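Next come the chains, spelled out residue by residue.
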Amino acid sequence: MNNASYLLIAFVLVIGIHVQAVAQSSPMMRERAFLKYAIQAANWIESHKLESDDHTTWPVTPAESESVSYNLYSGISGIVLFHLQLNHATDEAKYLESAKRGANALLAHAEKLNEKSDPGYWTGYAGVAATLAEVYRATGDQKYLDGYQRCFKLLLKIAKESDNSKRGGV
């Protein structure tokens, strides 16, 4: 084995020991440790943000600013929900502001959606709709509810009755 392999093994062992120590600590210590890591992750995410006017986007791949995605799985929707949760956990306004700026990017994206857009929850605009609904719940700002309703109406427009739906399924 070369030196890089030994370093990787050592790194994995150190991380494993740290995770085990956190897991065996008191619930309050675990909560603080996870919050600390979430804040570090948020700081890293924010260091790669792309801002314009009233909205923020984050590239899927930080080295490629054109790699912006809006879905829950790997895009802005997931980051917005992450910031909402951090705001809830810390009560720090900067996380709510980041969530709102990301949601503004989702609103701009929602205006471009049509019947050919991906309606999926994790990969499409159903996830965008759910995210906008959560931002509305956190802020009470009507524009996020309007964006949610636009996505939802588009879902209704493309929904088709199937054999499963006749039997009570989806």
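Residues numbered from 1 in each chain as written. Predicted model: local features only at pLDDT ≥ 70, side-chain atom pairs only at ≥ 80, totals over all residues. Heavy atoms only, no water.

Asker: Mind showing me how you'd approach the overall build of the chain here?
Answerer: Of the regular secondary structure elements, the chain holds seven helices and two strands. Secondary structure of the chain in N-to-C order comes out as α-α-β-β-α-α-α-α-α. Of the contacts made within the chain by residues no fewer than 6 positions apart, 53% connect residues no fewer than 24 positions apart. Just so you have it, the chain exposes about 11,000 Å², and 58% of that area is on carbon and sulfur atoms. (Helix = DSSP H or I, 4+ residues; strand = E, 2+ residues; numbered from the N terminus. Contact = heavy atoms within 4.5 Å. Areas by Shrake-Rupley, 256 points an atom, 1.4 Å probe, with all protein chains shown as cover.)

Asker: Is there a simple way to explain unusual backbone geometry in this structure?
Answerer: Most peptide bonds are trans, and most residues other than glycine sit at a negative phi. In the Ramachandran plot, Asp53 falls in the positive-phi region, its phi being about 45 degrees despite a non-glycine side chain. The residue Asp53 is located in the loop between β1 (50–52) and β2 (55–57) in this model. A relative accessible area of 76% means that Asp53 is categorised as exposed. Of note, the phi angle at Asp91 is positive, near 60 degrees, even though the residue is not glycine. With respect to the secondary-structure elements, Asp91 resides in the loop between α3 (76–90) and α4 (93–110). (Buried < 20%, exposed > 50% of the residue type's maximum accessible area, 1.4 Å probe, protein only.)

Asker: What should I look at first to understand the side chain of Glu46 in this one?
Answerer: For Glu46, the location among the structural elements is in helix α2 (residues 27–46). Among the residues examined, Glu46 registers a relative accessible area of 18% and is labelled buried. Ignoring anything within four residues of it in the chain, the contact list for Glu46 reads Trp58, His83 and Ser98.

Asker: Please explain the packing of aromatic side chains as it appears in this structure.
Answerer: For any pair of aromatic rings, geometry is given as the distance between the ring centres together with the angle between the planes. What the rule picks out here adds up to two aromatic pairs. With a centroid separation of 5.1 Å and an interplanar angle of 85 degrees, the aromatic rings of Tyr121 and Trp122 are classed as edge-to-face. Among the residues examined, Tyr121 registers a relative accessible area of 42% and is labelled partly exposed. Looking at Trp122, the relative accessible area reads 53%, which means it is exposed. Between the aromatic rings of Tyr148 and Phe152, the centroid separation amounts to 5.9 Å while the plane-to-plane angle is 25 degrees, which identifies the pairing as stacked. (Phe/Tyr/Trp six-rings, centres within 6.5 Å; stacked < 30°, edge-to-face > 60°.)

Asker: What is the right way to look at the environment of Lys157 in this model?
Answerer: Structurally, Lys157 is set in helix α6 (residues 142–158). In this structure, the C-alpha to C-alpha distance between Lys157 and Asn114, residues 43 residues apart in sequence, is 9.8 Å. In terms of polar contacts, Lys157 uses its side chain to reach the side chain of Glu115, at 2.6 Å. (Polar contact = N/O pair within 3.5 Å; in protein donor to acceptor, adjacent residues only side chain to side chain.)

Asker: Teacher, can you tell me more about the packing of α4 against α6 here?
Answerer: In a pair of packed helices, the angle between the axes and the distance between the axes together describe the arrangement. Relative orientation of the contacting elements α4 and α6 amounts to 40 degrees, with a least axis distance of 10 Å. The pairing of α4 with α6 is recorded here as oblique in orientation. As for the relative orientation of α4 and α6, their crossing is left-handed in sense. Contact residues: α4 offers Lys100, Ala103, Asn104, Leu107 and Ala110, while α6 offers Lys143, Tyr144, Gly147, Arg150 and Cys151. Across the contact of α4 with α6, the residue classes break down as five nonpolar, two polar and three charged. (Axes fitted to C-alpha atoms, helices over the stretch in contact; angles between N-to-C directions. Parallel < 35°, antiparallel > 145°, perpendicular 65-115°, else oblique. Left-handed = near helix turned anticlockwise from the far one by under 90°. Nonpolar A, V, L, I, M, F, W, Y, C, P; charged D, E, K, R; others polar.)

Asker: Before we go on, may I ask you to explain α3 in this structure?
Answerer: Helical periodicity: at 3.6 residues per turn, an α-helix aligns residues three or four positions apart in one direction. In this model, α3 (15 residues) spans 21 Å end to end at C-alpha, consistent with the 21 Å of a helix rising 1.5 Å per residue. Here α3 has its buried residues at Ile76, Ser77, Ile79, Val80, His83, Leu84, Leu86 and Asn87. Asp91 occupies a position one or two residues after α3 and carries a positive phi of about 60 degrees. (Expected span 1.5 Å × (residues − 1).)

Asker: Help me understand the confidence of the model for the chain in this model?
Answerer: When pLDDT drops low, the exact placement of atoms in the prediction is not to be read closely. Looking at the chain as a whole, its pLDDT mean stands at 84, while 76% of the residues score no less than 70. Averaged over each element, pLDDT in the chain is lowest for helix α1 (residues 3–24) (54) and highest for α4 (97). (pLDDT = per-residue confidence, 0-100.)

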